[in-house]
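# An overview of the molecular structure
The chain contents come next:
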Amino acid sequence: MAKTRIGIVGCAGRMGRTLIREILATDAAMLIGGTEQPGHAAVGKPILDPESHVDTGLLVTTDALAMFEAADAVIDFTCPTATVYHAHLASQTKTALIIGTTGLSAAQSADLKTASERTVILQAANFSLGVNLLLALTEEVARRLNEDFDIEILEMHHRLKVDAPSGTAVALGQAAAAGRGVDLAQNSDRVRDGITGARQRGHIGFATLRGGNVVGDHTVIFAADNERIELTHKAADRAIFARGAVAAALWSKDRAPGYYGMADVLGFAR
Ligand code: NAD
């Protein structure tokens, strides 16, 4: 069977480099290019296997359009403005776009939905198998417990992360809200500071920690009087996200245009 031709936008980033390794290690996948933003030190340099340093024979370019035209799927872990631009290119070239970027505004997310009318857009706040299972568990536990159980979501990431709470924490909040049958935006405490007053019954709280090189820890706490359930996932290596994103790129081949998530790839979709 023909290999799936995959390009990486933002290929010199933390996730970009991890994706290069994963694609090179995946038999069914072929790396066909990588881009960076103009002015980035990596532009014009060879794309190397980050582990063996073997030269792939490809150069880092700024020509995203040419890469989209040559690829079956492009993987995007960059920043929200770049991701919206790449979604336009994906809909223009009918290339599948696998999106891991977090921190998108509601308007930016709507742009992705528009692009999905013409091509495959597959977005996940977290591409790991474990977190996708945690999302399903969180929704189920929230469905079974009433508001006597306060739901708090705690996350910790490395010191360089730019958005908070993490996309995964927000996705966990949405899963909990879905389980309870409420709207997260109307029922959440994203920040607490000063004299906040007592906790509001039914709200879903978020707490954010930043430090060191932590790849990503998430805990969903269901706290009632005298008992507490805690569901925790700890990511020790970015390879788990790259593995999921490459699996999503393989899955996307020959799919009908539409907006998909990791639940579709893993068969968890309701
Ligand atoms: P990073 O800053 O190390 O890498 C981002 C890269 O994108 C940089 O190299 C940057 O130069 C590049 N970039 C920016 N604009 C570009 C453009 N227009 N064209 C090409 N390249 C461009 O960040 P990171 O740690 O790799 O994380 C990237 C994103 O992925 C963040 O939003 C992060 O939260 C998210 N993330 C998601 C998951 C997941 O499973 N969904 C996992 C890890 C990280």
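Just so it is clear, the model here is predicted, and its values are computed rather than measured.

## Notes on the packing of helix α3 (residues 80–93) against helix α4 (residues 106–115)
Two numbers describe how α3 lies on α4: the axes approach to 9 Å, and their chain directions differ by 15 degrees. As the angle between them shows, α3 and α4 are arranged roughly parallel. Relative to α4, α3 is oriented so that their crossing is left-handed. Here Pro80, Thr81, Thr83, Val84, Ala87 and Ser91 of α3 lie close against α4, whose contacting residues are Gln108, Asp111, Leu112 and Ala115.

## Some words on α4
When we look at burial in α4, the residues that qualify are Gln108, Leu112 and Ala115. The arc enclosing the buried residues of α4, seen along the axis, measures out at 60 degrees, which places them on a common side. Turned more than 90 degrees away from the buried face of α4, the exposed residues are Ala106 and Ala107. On its buried side, α4 packs onto α3, β6 (96–99) and β7 (120–123).

## Some points on the packing of aromatic side chains
Any aromatic ring pair is given by two values, namely how distant the centres are and how the planes are angled relative to each other. All chains considered together, the criterion is met by two aromatic pairs. With a centroid separation of 5.7 Å and 45 degrees between ring planes, the pair formed by Phe77 and Phe127 is classed as tilted. Taken together, the residues span a long stretch of sequence, with Phe77 in the loop between β5 (73–76) and α3 and Phe127 in the loop between β7 and α5 (129–144) at a distance of 50 residues. Assessed through its relative accessible area of 17%, Phe77 is described here as buried. Plain terms: the ring middles of Trp251 and Tyr260 are 5.1 Å apart, the flat faces sit at 75 degrees to each other, and that makes the pair edge-to-face. Overall, Tyr260 belongs to the buried group, its relative accessible area being 17%.

## Some thoughts on unusual backbone geometry
Along the chain, Ala164 connects to Pro165 via a cis peptide bond; the corresponding omega equals -10 degrees. Tracing the backbone shows Pro165 in the loop between β8 (150–157) and α6 (167–180). Residue His53 is not a glycine yet carries a positive backbone phi of 65 degrees. For His53, the location among the structural elements is in the loop between β3 (46–48) and β4 (55–61). Its identity as a non-glycine residue notwithstanding, Asp254 has a phi of 65 degrees, on the positive side. Looking at the element boundaries, Asp254 is found in the loop between α7 (239–252) and β13 (258–260).

## A word on the sheet that holds strand β11 (residues 216–224)
Sheet architecture is open: five strands sit in the order β9-β10-β8-β11-β12, paired in mixed fashion. With partners counted over all chains shown, the strands left at the sheet margins are β9 (188–189) and β12 (227–235), one partner each. α5 rests against β8, β11 and β12 of the sheet, and its axis sits at about 165 degrees to β12.

## What to know about the pattern of salt bridges
For the coordinates displayed, the defined rule picks out 14 salt bridges. A salt bridge links Asp148 to Arg201, with the shortest nitrogen-to-oxygen separation between them at 3.0 Å. With Asp148 in the loop between α5 and β8 and Arg201 in the loop between β9 and β10 (204–210), this residue pair connects regions lying 53 residues apart in the sequence. Members of the salt-bridge network, linked through shared partners, are Asp150, Glu152, Asp189, Arg192 and Arg199.

## Regarding the domain arrangement of the protein chain
Segmentation of the protein chain into domains returns domain 1 (4–123 + 238–266) and domain 2 (129–235). Using only C-alpha atoms to locate each centre, domain 1 and domain 2 end up separated by 28 Å. Each partner contributes to the interface: domain 1 provides nine residues, whereas domain 2 provides ten residues. Summed over both partners, the interface of domain 1 with domain 2 buries about 720 Å², with 63% contributed by carbon and sulfur atoms. At the boundary of domain 1 and domain 2, one finds zero salt bridges. Between the two partners, domain 1 and domain 2, sit one residue pair in polar contact (both at pLDDT 80 or more). Contributions of two or more residues to the side of domain 1 that touches domain 2 are made by α7 and α8 (262–266). Taken together, the residues that form the side of domain 1 that touches domain 2 break down as five nonpolar, two polar and two charged.

## Some words on the pairing of β11
With seven of its nine residues buried, β11 lies for the most part within the structure. Summarising the sheet, β8 and β11 pair through seven bridges and their orientation is antiparallel. Across the sheet, the residue bridging to Glu152 is Ile221, located in β11. Remark: two residues form the turn of the hairpin made by β11 and β12, two consecutive strands paired antiparallel; Asn226 in that turn has positive phi of roughly 70 degrees.

So, how was this worked out
- What you see as residue numbers is a count from 1 along each chain, following the sequence as written.
- It should be noted that, the model being predicted, local features are given only for residues of pLDDT at least 70 and side-chain atom pairs only at 80 or more, the latter also being counted only at that level, while totals for whole chains, interfaces and linings use all residues.
- Calculated side-chain values reflect all of the structure's heavy atoms, with hydrogen atoms and water omitted.
- Inter-axis angles, ranging from 0 to 180 degrees, are taken between N-to-C directions of lines fitted to C-alpha atoms, where helices are fitted over the stretch in contact.
- The secondary structure listing takes helices from DSSP runs of H or I that are at least 4 residues long and strands from runs of E that are at least 2 residues long, numbered from the N terminus.
- Convention used here: angles under 35 degrees read as roughly parallel, angles over 145 as roughly antiparallel, angles from 65 to 115 as roughly perpendicular, and any remaining angle as oblique.
- Helix crossings are classified by the rotation of the near helix relative to the far one: an anticlockwise turn of less than a right angle makes the crossing left-handed, while a clockwise turn makes it right-handed.
- Contacts were defined at the residue level, with two residues in contact if any of their heavy atoms lie within 4.5 Å.
- Summary of the burial criterion: residues with accessible area below 20% of their type's maximum are buried, those above 50% are exposed, and those between are partly exposed, where the area comes from a 1.4 Å probe applied to protein chains only.
- Arc, as used here, means the arc of the directions from the helix axis to the C-beta atoms.
- Between rings of Phe, Tyr and Trp, where Trp is taken as its six-membered ring, a pair exists when centres lie within 6.5 Å; planes separated by under 30 degrees are stacked, by over 60 edge-to-face, and by other angles tilted.
- Paired strands, as defined in this entry, are two strands with at least two bridges between them according to DSSP.
- In the sections that follow, a salt bridge refers to a side-chain nitrogen of Lys or Arg positioned within 4 Å of a carboxyl oxygen of Asp or Glu.
- Reported domain spans reflect what an automatic or database domain assignment gives.
- Buried area: the accessible area, evaluated with a 1.4 Å probe, that two parts lose upon being put together, summed over both parts.
- Any N or O atom pair separated by 3.5 Å or less is treated as a polar contact, with the protein-specific requirement of one donor-capable and one acceptor-capable atom, and with residues adjacent in sequence counted only for side-chain atom pairs.
- Side-chain classes are defined by residue name, with Ala, Val, Leu, Ile, Met, Phe, Trp, Tyr, Cys and Pro counting as nonpolar, Asp, Glu, Lys and Arg as charged, and the others, Gly among them, as polar.

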